[in-house]
There are 6 protein chains.
Amino acid sequence: MGNFTHFNEQGRARMVDISEKKESVRVAIARSSVTVNKEIYDQIQEGTNKKGDVFAVSQVAGIMGAKKTADLIPMCHPLSLNGVDVHFEWSLSTEKEEYVILITTEVKVKGNTGVEMEALTAASTTALTIYDMCKALDKNMVIGPTYLLKKTGGKSDDYERTQA
Amino acid sequence: MGNFTHFNEQGRARMVDISEKKESVRVAIARSSVTVNKEIYDQIQEGTNKKGDVFAVSQVAGIMGAKKTADLIPMCHPLSLNGVDVHFEWSLSTEKEEYVILITTEVKVKGNTGVEMEALTAASTTALTIYDMCKALDKNMVIGPTYLLKKTGGKSDDYERTQA
Amino acid sequence: MGNFTHFNEQGRARMVDISEKKESVRVAIARSSVTVNKEIYDQIQEGTNKKGDVFAVSQVAGIMGAKKTADLIPMCHPLSLNGVDVHFEWSLSTEKEEYVILITTEVKVKGNTGVEMEALTAASTTALTIYDMCKALDKNMVIGPTYLLKKTGGKSDDYERTQA
Amino acid sequence: MGNFTHFNEQGRARMVDISEKKESVRVAIARSSVTVNKEIYDQIQEGTNKKGDVFAVSQVAGIMGAKKTADLIPMCHPLSLNGVDVHFEWSLSTEKEEYVILITTEVKVKGNTGVEMEALTAASTTALTIYDMCKALDKNMVIGPTYLLKKTGGKSDDYERTQA
Amino acid sequence: MGNFTHFNEQGRARMVDISEKKESVRVAIARSSVTVNKEIYDQIQEGTNKKGDVFAVSQVAGIMGAKKTADLIPMCHPLSLNGVDVHFEWSLSTEKEEYVILITTEVKVKGNTGVEMEALTAASTTALTIYDMCKALDKNMVIGPTYLLKKTGGKSDDYERTQA
Amino acid sequence: MGNFTHFNEQGRARMVDISEKKESVRVAIARSSVTVNKEIYDQIQEGTNKKGDVFAVSQVAGIMGAKKTADLIPMCHPLSLNGVDVHFEWSLSTEKEEYVILITTEVKVKGNTGVEMEALTAASTTALTIYDMCKALDKNMVIGPTYLLKKTGGKSDDYERTQA
């Protein structure tokens, strides 16, 4: 059956036994994004400066989403997360009329398995919430690509993304 | 405050009142994807034909994810979904060594608001679960782009994506 | 693929589309049980009459369990349940030293699909909670058999169990 | 057993059968509050005007809390809420050095039972979240009193609070 | 930004990093209440002595509510609670015709952050459930005030409420 | 009140304090079953070999069910499960025309309380899901009996079932 650790000898999925793994501080950083049009860009900017802050709502959703990871992803271990943080940044290319919200999530745990799924779930939930709050204006928005940026702690080598 | 309907006159988010909207059958179709390397491609193919079916697990996760949409996205209305379906398709470009799993989700409801967020959440959860089950082999996988393909029902015009 | 309605043409599970089904009042009645030893029987009886009522706790769990059905059973449709009731009865056979708690659950909905899974989930959750509260005294308890007693409403014929 | 409708003839709690009740638009408005000290008052004011908006987070929590009502309150019927709104207002009495955040929640549904529990749960969750975000500064904060302000729709007479 | 620890340098909420905090046994005790009229008082008393025990249901809700704290309060850390207890007491003032149910909750954890939010959430959920079960008789009930009574364990000084 | 540890001195249920219990690796193995008719047996066999795998879906449900134990069973402690596995086996008696799916679940945790409720909940959820996916063909299916097979770890003696 190759090395898919998530399957038992019957070929059925299982939650892998991690009771023998060492406890250590583990961190994962993930990235997602939402590409919007100029109208949405303008309105989000206006709201962020004054009222109707789209980012405030979606960032709360992202943090709560991190806590729901084991409830959403069947083989994920439930973990007592120690810290979750979400950041936003605009990536603009006015000539191409491209308005991209970059979402960076960081999750930390002192535990015996990594938190990349929690960081990716936080990033996805944040992006979905931005989409929800802007969808009355435009349905052509695009979420992602979504991927892991960095991962430290645990026995396997630390990971840092090299490709764009 | 422009036309962000999700904010009240205090500039704070709200769940928009839809009690006056008409009930009708509404459908939304969304797309996500996971780009994997050759090793994962080979192993998923082997498992799908015999045992250790990554798609079987992630597709269950996607359907359950659709039902959790209102729990994840703060301003989403809880809806009694009437049907959810998830499909998989490989998009291969062997010369570029690109192995992409295309995920298509379809959600249906007889209700008074649309289900695009449910379709997008199902697609995202399916993709995250594929990632989780393959991450021991490669951490460079990429989820998405994730977007709406089609939407019918309700008062606003039907939507069908034209851009790639 | 025979007539398993829960699979799509790819052979993958789906939540069946019920948007065309008629709304009607539907009722389902299910049964489970917990077989306990004399010591537990005596203590439950004492608690029911005075304090420490095992049934009070497990019956609350059963009602809340009914509401979690669509969250537990992947292909179940979320439903706005209209009524849930749980009853207890002792079935004693002192010569065989058998002490059986019979659990009967009744679930009602005005909706477009039946509620047998909700009644069965309520019965199972009630039984599991009784087990949990008594397990310090005996680990030989047995839950069930658990089955559907009756079902009315909807297009298919009403069902009433004939076998024991 | 008097007229506690929430108990069956065994004296055990049940979810009352509402399948015969008429569907209508129902609204409930509830009130809670958090009494804080001057330091917290100053910091919340500063954050609301610039950054670190305590109200933004707690109001998202309140809306999501309304959706969790049937998951929290055992005998509550699950309802597909149609609208939720949360407002904040300061009630200050500088001579008594009293700084009170008034929370007003409004919940709307087209359904066959009222939404007072949803409005009260939204108000409580909003207040608990304010407490959580300020507790590093002071543990003497007081939540509530929490009560129903108004209720319309349904067969029983509309209610409006007369006492303070 | 003052000392609101719950905000990051972008002024957005975060779940504070507690991975460096020491594990210790931590206890929190909270208080809430429900003020009812004479009719409800009489019926609850009758039910407690015989059947239809309002307290039994609401106390189960309170314990389950404690376990849902991190799901309700956005910035709360998920914790593996070690113990939860709920007590009831009547505070009567027959001349003022005041009938108050005092709710006291105690939560314990061996972990690296305190459990005051869990104790307060348990108290609030207990109170909301009492309200729900009695609301058919009177809508003038008042929940709370709700506050922290005591807190021990952890690095910061132990807290005990001095004001009423 | 005898030795029901789940009740406090008021005779009300509580979540027992386990903060003083020792952490150790604990394992529990549970059994449930679903008795089906020949038609369902044939179709499940066909699906397992090719498409429409009932076991794949119900086994995912069982693993996710294990993670929901503390959410379903009121007095259960939330635990960060370290491993969950589900197995299936047919027990056939063709002369009696009996077709029984045996479900075996194994749950592992490094923690300070046992996981028998998690194993039993996983087994029950797996069985309920099989029932759900086959109920269109037959409503006479029977779930269980469901019971504990084995338990190791912790202070109390290890348990192994001797009765059938």
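Please read these numbers as outputs of a predicted model, since none were measured by experiment.

Side note on the packing of aromatic side chains
Phase 1: In total, this model carries 24 aromatic pairs over all chains according to the counting rule given.
Phase 2: Both rings, one in Y41(B) and one in W90(B), keep their centres 4.6 Å apart while their planes meet at 90°; by these two values the pair is edge-to-face. Taken as a pair, Y41(B) in helix α1 (residues 38-49) and W90(B) in strand β2 (residues 83-93) lie far apart in primary sequence, 49 residues in all.
Phase 3: Centroid distance F55(E) to F88(E): 4.4 Å. Interplanar angle 5°. Geometry classified as stacked. Residue F55(E) is located in helix α2 (residues 54-67), and its partner F88(E) is located in strand β2 (residues 83-93); the two are separated by 33 residues in the primary sequence. Accessibility assignment for this pair places F55(E) and F88(E) in one class, buried.
Phase 4: Three or more aromatic residues joined by ring pairs form one cluster here, namely Y41(A), F55(A), F88(A), W90(A) and Y99(A).

Topic: the confidence of the model for chain A
Phase 1: Per-residue confidence for chain A gives a mean pLDDT of 93, with 96% of residues at or over 70.
Phase 2: Taken over the whole predicted complex, pTM reads 0.97, whereas the ipTM for its chain interfaces reads 0.96.

Here we look at the interface of chain E and chain C
Where interface size is quoted, it is often the accessible area lost as the parts come together.
Phase 1: In this complex, chain E contributes 5 residues to the contact, which on the side of chain C involves 5 residues.
Phase 2: Buried surface at the junction of chain E and chain C, both sides included, amounts to about 410 Å², of which 84% is carbon and sulfur.
Phase 3: On the chain E side of the contact with chain C, V57(E), V60(E) and M64(E) bury the most area, a combined 68% of that side's loss.
Phase 4: The interface formed by chain E and chain C contains 0 salt bridges.
Phase 5: Scanning the region where chain E abuts chain C turns up 0 residue pairs in polar contact (both at pLDDT 80 or more).
Phase 6: Of the residues belonging to the side of chain E that touches chain C, the class tally is 4 nonpolar, no polar and 1 charged.

Observations regarding helix α4 (residues 116-134) of chain F
Phase 1: The end-to-end C-alpha separation of α4(F) is 27 Å, in line with the 27 Å expected for 19 residues at 1.5 Å each.
Phase 2: Here α4(F) lies mainly inside the structure; 19 of its 19 residues are buried.

Some remarks on the relation of the copies chain E and chain C
Phase 1: When chain E is brought onto chain C, the operation consists of a screw motion whose angular component is 180° and whose axial shift is 0.0 Å, with 0.0 Å RMSD remaining. Both chain copies can therefore be described as sitting about a two-fold axis.
Phase 2: Interface residue correspondence from chain E to chain C reaches 100%, placing this contact among same-surface, isologous pairings.

A short note on the interface of chain B and chain A
Phase 1: Contacts between the two partners involve 59 residues from chain B and, on the opposite side, 59 residues from chain A.
Phase 2: For the pair chain B and chain A, the summed buried area comes to about 5,000 Å², and 64% of that belongs to carbon and sulfur atoms.
Phase 3: Our count for the contact surface shared by chain B and chain A stands at 0 salt bridges.
Phase 4: Joining chain B to chain A, the criterion identifies 12 residue pairs in polar contact (both at pLDDT 80 or more).
Phase 5: If you tally residues by element for the side of chain B that touches chain A, the top one is helix α4 (residues 116-134) of chain B, at 12 residues.
Phase 6: Here the residues of the side of chain B that touches chain A are counted per class, giving 29 nonpolar, 17 polar and 13 charged.

Some thoughts on the side chain of D85(E)
Phase 1: The residue D85(E) is located in strand β2 in this model.
Phase 2: In this structure, D85(E) is buried with no salt-bridge partner, the nearest side chain bearing the opposite charge being R14(F) at 4.4 Å.
Phase 3: Looking at D85(E), its side chain comes within polar contact range of the side chain of N8(F), at 2.8 Å.
Phase 4: Those residues in contact with D85(E) that sit more than four places away from it in its chain are T104(E), T105(E), E106(E), N8(F) and R14(F).

Looking at the packing of helix α2 (residues 54-67) of chain A against helix α4 (residues 116-134) of chain A
All names here are of chain A.
Phase 1: Two elements in contact, α2 and α4, have axes whose closest approach is 7 Å; the angle formed by their N-to-C orientations is 145°. Remark: the crossing between α2 and α4 carries right-handed chirality. Contact residues: V54, F55, V57, S58, Q59, A61, G62, G65 and A66 in α2; E118, T121, A122, T125, T126, T129, I130, M133 and C134 in α4.
Phase 2: For the contact of α2 with α4, a count of residues per class yields 9 nonpolar, 8 polar and 1 charged.

Quick word on the nonpolar core
Phase 1: Ranked by internal contacts, the top residues of the largest apolar core, which has 299 residues, are I101(A), I101(B), I101(C), I101(E) and I101(F).
Phase 2: With sequence-adjacent residues up to four places away left out, I101(A) is seen in contact with S32(A), S33(A), V34(A), V36(A), I44(A), F55(A), F88(A), E89(A), W90(A) and I130(A).

Some words on the environment of S91(B)
Residue and element names in this part refer to chain B.
Phase 1: Within the fold, S91 resides in strand β2.
Phase 2: Sequence separation between S91 and F4 is 87 residues; the distance between their C-alpha atoms is 37 Å.
Phase 3: With near-sequence residues (within four places) excluded, S91 lies in contact with E98, Y99, V100 and L102.

Here's the deal with the pairing of strand β1 (residues 24-36) of chain A
Where a strand is regular, its side chains alternate between the two sheet faces.
Residue and element names in this part refer to chain A.
Phase 1: Where β1 lies against strand β3 (residues 98-111), 13 bridges are found, and the strand directions are antiparallel. Among the inter-strand pairings, A30 is bridged to a residue of β3, identified as T105.
Phase 2: Pairing between β1 and strand β5 (residues 147-152): 5 bridges, direction antiparallel. Paired with A28 across the bridge in β5 is K151.
Phase 3: Note: β1 against strand β4 (residues 142-143), 2 bridges, orientation antiparallel. Looking across to β4, one finds that V34 is bridged to I143.

Calculation criteria
Residues numbered from 1 in each chain as written. Chains lettered and ligands numbered in written order. Predicted model: local features only at pLDDT ≥ 70, side-chain atom pairs only at ≥ 80, totals over all residues. Heavy atoms only, no water. Phe/Tyr/Trp six-rings, centres within 6.5 Å; stacked < 30°, edge-to-face > 60°. Helix = DSSP H or I, 4+ residues; strand = E, 2+ residues; numbered from the N terminus. Buried < 20%, exposed > 50% of the residue type's maximum accessible area, 1.4 Å probe, protein only. pLDDT = per-residue confidence, 0-100. Contact = heavy atoms within 4.5 Å. Buried area = accessible area lost by both parts, 1.4 Å probe. Salt bridge = Lys/Arg side-chain N within 4 Å of Asp/Glu carboxyl O. Polar contact = N/O pair within 3.5 Å; in protein donor to acceptor, adjacent residues only side chain to side chain. Nonpolar A, V, L, I, M, F, W, Y, C, P; charged D, E, K, R; others polar. Expected span 1.5 Å × (residues − 1). Least-squares fit on C-alpha atoms with pLDDT ≥ 70 in both. Lys, Arg positive; Asp, Glu negative; His and termini not counted. Axes fitted to C-alpha atoms, helices over the stretch in contact; angles between N-to-C directions. Left-handed = near helix turned anticlockwise from the far one by under 90°. Core = buried A, V, L, I, M, F, W, Y, C linked by side-chain atoms within 4.5 Å. Pairing = 2+ DSSP bridges.

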